[in-house]
Amino acid sequence: QVQLVESGGGLVQPGGSLRLSCTTSERVFSIETMGWYRQGPGTQRELVADISRLGSTNYADFMKGRFTISRDNAKNTVYLQMNSLKPEDTAVYYCNADCRETRSSSLVNYWGQGTQVTVSS
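Residues numbered from 1 in each chain as written. Predicted model: local features only at pLDDT ≥ 70, side-chain atom pairs only at ≥ 80, totals over all residues. Heavy atoms only, no water.

Draft legend 1. Quick look at the overall build of the protein. Secondary structure summary: the protein contains 0 helices and 11 strands in total. In the protein, the succession of α and β elements from N to C terminus is β-β-β-β-β-β-β-β-β-β-β. For the protein, the C-alpha radius of gyration of 14 Å lies close to 14 Å, the compact-globule estimate for 121 residues. Principal axes of the C-alpha set define a box for the protein whose edges measure 50 × 25 × 25 Å. Classification of the 121 residues of the protein by burial places 41% in the buried group. A fraction of 54% describes how many contacts in the protein between residues 6 or more apart in sequence connect residues 24 or more apart. (Helix = DSSP H or I, 4+ residues; strand = E, 2+ residues; numbered from the N terminus. Rg over C-alpha atoms; globule rule 2.2 N^0.38 Å. Buried < 20%, exposed > 50% of the residue type's maximum accessible area, 1.4 Å probe, protein only. Contact = heavy atoms within 4.5 Å.)

Draft legend 2. The arrangement of the environment of V5 in detail. Note on placement: V5 falls in strand β1 (residues 4–7). Judged by its relative accessible area of 40%, V5 is partly exposed. Placed 89 residues apart in sequence, V5 and Y94 show a C-alpha to C-alpha distance of 9.7 Å. Every residue in contact with V5, bar those within four places of it in the chain, is listed here: S21, C22, T23, S25 and Q113.

Draft legend 3. Representation of the state of the cysteines. Using the criterion set out here, one finds 1 disulfide in the structure. Free of any disulfide, C99 has its nearest neighbouring cysteine sulfur in C95, separated by 8.4 Å. (Disulfide = S-S within 2.5 Å.)

Draft legend 4. Geometry of the packing of aromatic side chains. Applying the stated criterion across every chain yields a total of 1 aromatic pair. Ring centres of Y37 and W111 lie 4.9 Å apart, and the angle between their planes is 65°; on these two criteria the pair is classed as edge-to-face. Of this pair, Y37 sits in strand β4 (residues 30–39) while W111 is found in strand β10 (residues 108–111), placing the two residues 74 residues apart along the sequence. The class for Y37 is partly exposed, based on a relative accessible area of 22%. (Phe/Tyr/Trp six-rings, centres within 6.5 Å; stacked < 30°, edge-to-face > 60°.)

Draft legend 5. Just the sheet that holds strand β8 (residues 77–82), in detail. Taken in spatial order, the 4 strands line up as β1-β3-β8-β7 in an open sheet, and their pairing is antiparallel. Because the sheet does not close on itself, it has two edges, and the strands there are β1 and β7 (67–72). In this sheet, neighbouring strand axes are inclined to one another by 15° on average, regardless of whether the strands run parallel or antiparallel. (Pairing = 2+ DSSP bridges. Axes fitted to C-alpha atoms, helices over the stretch in contact; angles between N-to-C directions.)

Draft legend 6. Inspection of the nonpolar core at higher detail. Membership of the largest hydrophobic core comes to 29 residues, with the highest contact counts inside it found for W36, V48, F67, V78, L80, M82 and Y93. Sorting the residues of this core by element identifies β3 (18–24), β4, β5 (46–51), β7, β8, β9 (91–100) and β11 (115–119) as the ones contributing at least two each. Considering each element in turn, this core owes the most residues, 5 residues, to β9. (Core = buried A, V, L, I, M, F, W, Y, C linked by side-chain atoms within 4.5 Å.)

Draft legend 7. Local environment of the pattern of salt bridges. Applying the stated criterion across every chain, the model contains 4 salt bridges. The salt bridge involving R38 is made with D89; its shortest N-O contact spans 2.9 Å. With a gap of 51 residues between them, R38 in strand β4 and D89 in the loop between β8 and β9 connect regions that are remote in the sequence. No difference in accessibility class separates R38 from D89, as the two residues are buried. Residues D89 and R66 are paired through a salt bridge, measuring 2.7 Å at the closest nitrogen-oxygen approach. Of this pair, D89 sits in the loop between β8 and β9 while R66 sits in the loop between β6 (57–59) and β7, and the two are 23 residues apart along the sequence. Pair check on accessibility: D89 and R66 agree, each one buried. Through salt bridges with shared partners, a single ionic network connects R38, E46, R66 and D89. (Salt bridge = Lys/Arg side-chain N within 4 Å of Asp/Glu carboxyl O.)

So this is what it looks like as structure tokens:
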């Protein structure tokens, strides 16, 4: 079973930066949309940004140009560059991807296990 493996979370001061990465645990035939969601304490999970296989991006309004999503299709990896971080960005960040394991497989949606991002002085 394919798993999404996230990395890059941690503790950062307000105004700082972090780069999250997410890749598949094994090679897959193709990945369509890849994205990042987040869930803060006592809140619902919300979309941060997503990116299509061809590179079209979609951002949540609260990004205001601070975050950038990108992907490397050859590496089955999606990135989230987060700049000018604020305490309200503190959350567990989850990777999400629509994967086709083989040429004949159906598209299956996967979630990562989540990585904690804490913005605090």
